[in-house]
Amino acid sequence: MSSTRTAQTAALDWEFAPGLPATAKIGGLTAMAEAAELLTSVRGEIEAALHEHGAVRLRGVPLTGVDDFAVVRDVLLPQRTPYREKATPRSDFGNGVYSSTDLPPSQPIRMHNENSYTLTFPGLLMFACLVAPSEGGATPVADCRQVLRLLPESIVAKVRAGGWLLRRSYSENISTQWTTAFATTDRSEVERYCAENLISHAWQEDGNLRTSQLRPGVIRHPSTDEEVWFNHLAFWNEWSLDEELREALTDEFGPEGLPFNTAFGDGDPLTKDELETIQAAYEEATVRAPWQVGDLLLVDNVLAAHGRDPFRGDRKIVVAMGNPVDIDDCRPGVRPAPHPA
């Protein structure tokens, strides 16, 4: 017997099924002007569903390209959020629309909250499928309220009390260059940004840059006040790297020269067992669905983490980020601070 349930309103036909994101089916639309009008009328309903589920899929919007996506973006994300402290390659399609990532198809992207390490981050993400892959390539989402409940108290207590540390090494050869990450070639601009955003920095003899920052890892949603697991602790930890790659990078550049690494806020390293425990909590809280052309996926970036499954074939998923949130509005128990790089 299926536990799928449906609910219908005047505009949206909702479907809720285990393992799948909450889905609103929209029928009868053929023009983007009509779609924009309908989506404007149901924004409150979509927001309520996001607060309940963390992420929702919209199916039936007549999307055919980047311009159509931008129309929907302007309705559902009227306030844009810039992509700060860039970490992964993206294509810029203009008008605030980007590729979700340009990392190789075989590489999975682990669960994370977008820009959890910045002081202002997007409150809402919007993805759309313009080309669906032939195999794999889903954008899984995990409810961060559930992740927090699933994690052992030993891990939660350390992060609640001390936050988490992020260390980055910017390099042309093994990671993002600092000129790309900070969108400038001026060192003084980087230094100004780091000072204003509570990031320690150290220039290396070869001209590369290392940074370090302390951030809270458990925060509250600014509207619902629910407590969530919100960080990149597992995503950018050394144990999340392929074993051979991790050993090669460590041998060549030393532990401090890894492109990314994380630790508990008190400086204690994350063990491999702790990483696997966090990843297991994410997986238990995850829902996913294969992409279909025209699908929209809205993700409340505080309530839900997201990732990417490996795939085969062509895949074009575009993304926009909006509704900026300041960390101070999330009642952090740990204050953001610089940390010796």
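Anything mentioned here points back to the structure above.
As the structure is a computational prediction, the values presented were derived from the model and not from experiment.

## What to know about the pattern of salt bridges
Part 1 of the argument: Here the structure, examined in full by the defined rule, presents 17 salt bridges.
Part 2 of the argument: Two residues, Asp295 and Arg59, come together in a salt bridge whose shortest N-O distance is 2.5 Å. Taken together, the positions of Asp295 in the loop between strand 17 (286-287) and strand 18 (296-300) and Arg59 in strand 4 (residues 55-59) put the pair 236 residues apart, joining distant regions of the chain. The two residues Asp295 and Arg59 agree in class, both being buried.
Part 3 of the argument: In this structure, the salt-bridge partner of Asp309 is Arg288, at a minimum N-O distance of 2.9 Å. Placement of Asp309 in the loop between strand 19 (304-308) and strand 20 (311-312) and of Arg288 in the loop between strand 17 and strand 18 is noted, with a sequence separation of 21 residues between them.
Part 4 of the argument: Through salt bridges with shared partners, one network takes in Arg73, Asp74 and Arg80.

## Overview of the nonpolar core
Generally speaking, a soluble globular protein has its nonpolar side chains buried in company with each other.
Part 1 of the argument: Counting 53 residues, the largest nonpolar core has Trp229 and Ile278 as its most contacted members.
Part 2 of the argument: Discounting chain neighbours no more than four positions away, the residues touching Ile278 are Leu151, Ile155, Trp229, Leu233, Ala234 and Leu270.
Part 3 of the argument: Formed by 36 residues, the second largest nonpolar core is a distinct cluster that contains Leu12, Met32, Ala49 and Leu77.

## A few points about the layout of surface pockets
Part 1 of the argument: Each pocket or cavity is described by its volume, and for the largest pocket that value is around 710 Å³.
Part 2 of the argument: Along the wall of the largest pocket there are 21 residues; nearest its centre are Leu103, Gln107, Leu241, Leu245 and Phe260.
Part 3 of the argument: Of all elements in the fold, only strand 7 (109-112) and helix 8 (243-253) reach the threshold of two or more residues within the lining of the largest pocket.
Part 4 of the argument: Here the lining of the largest pocket is composed, by residue class, of 13 nonpolar, six polar and two charged.
Part 5 of the argument: Here the second largest pocket is characterised by a volume of approximately 370 Å³.
Part 6 of the argument: As for the second largest pocket, its lining consists of 18 residues, and the residues nearest its centre are Glu47, Leu50, His51, Leu124 and Asn323.
Part 7 of the argument: Where the lining of the second largest pocket is concerned, the elements lending two or more residues are helix 2 (43-53), helix 3 (66-76), strand 8 (120-131), strand 18 and strand 21 (316-326).
Part 8 of the argument: The element best represented in the lining of the second largest pocket is helix 2, accounting for five residues.
Part 9 of the argument: Class assignment of the residues belonging to the lining of the second largest pocket gives a composition of ten nonpolar, five polar and three charged.

## Focus: the environment of Gly267
Part 1 of the argument: Take Gly267: it is sitting in the loop between strand 16 (260-264) and helix 9 (272-284).
Part 2 of the argument: Along the primary structure Gly267 and Gly137 are separated by 130 residues, whereas in three dimensions their C-alpha atoms are 35 Å apart.

## Concerning unusual backbone geometry
Part 1 of the argument: Of note in the backbone geometry, Asn95 takes a positive phi value of approximately 60° without being a glycine.
Part 2 of the argument: Mapped onto the fold, Asn95 is located in the loop between strand 5 (92-94) and strand 6 (97-99).
Part 3 of the argument: Classification of Asn95 by relative accessible area gives partly exposed; the value is 46%.
Part 4 of the argument: Within the chain, Leu198 stands out as a residue other than glycine whose phi angle is a positive 60°.
Part 5 of the argument: Its location among the elements puts Leu198 in the loop between helix 7 (187-196) and strand 12 (200-203).
Part 6 of the argument: The partly exposed category is assigned to Leu198, whose relative accessible area is 30%.

Thresholds, definitions, all that
- Within each chain, residue numbers correspond to sequence positions counted from 1 in written order.
- A pLDDT threshold of at least 70 governs which residues receive local features in this predicted model, and a stricter bar of 80 or more applies before side-chain atom pairs are shown or counted, although totals over entire chains, interfaces and linings include all residues.
- To get the side-chain values, all heavy atoms of the structure are used, and hydrogens and water are removed first.
- The rule for a salt bridge is simple: a side-chain nitrogen of Lys or Arg has to be within 4 Å of a carboxyl oxygen of Asp or Glu.
- Counting from the N terminus, the helices are the DSSP runs of H or I reaching at least four residues and the strands are the DSSP runs of E reaching at least two.
- Burial here depends on accessible area, computed with a 1.4 Å probe over protein chains only, as a share of the maximum for the residue type. Under 20% is buried, over 50% is exposed, and the range in between is partly exposed.
- The term nonpolar core refers to a set of buried residues drawn from Ala, Val, Leu, Ile, Met, Phe, Trp, Tyr and Cys, joined through side-chain atoms within 4.5 Å.
- Working rule for contacts: check all heavy atoms of both residues, and any pair within 4.5 Å makes them a contact.
- Cavity means a closed set of points on a 1 Å grid over the protein atoms alone, one where a 1.4 Å probe fits but cannot get out, pocket means an open set with protein on both sides within 12 Å along at least 5 of 7 lines, and lining means a residue has an atom within 4 Å of a point.
- Grid points are joined across faces, edges and corners, and a volume is the space filled by probe spheres set on the points.
- Residues are grouped as follows: Ala, Val, Leu, Ile, Met, Phe, Trp, Tyr, Cys and Pro are nonpolar; Asp, Glu, Lys and Arg are charged; every other residue, Gly included, is polar.

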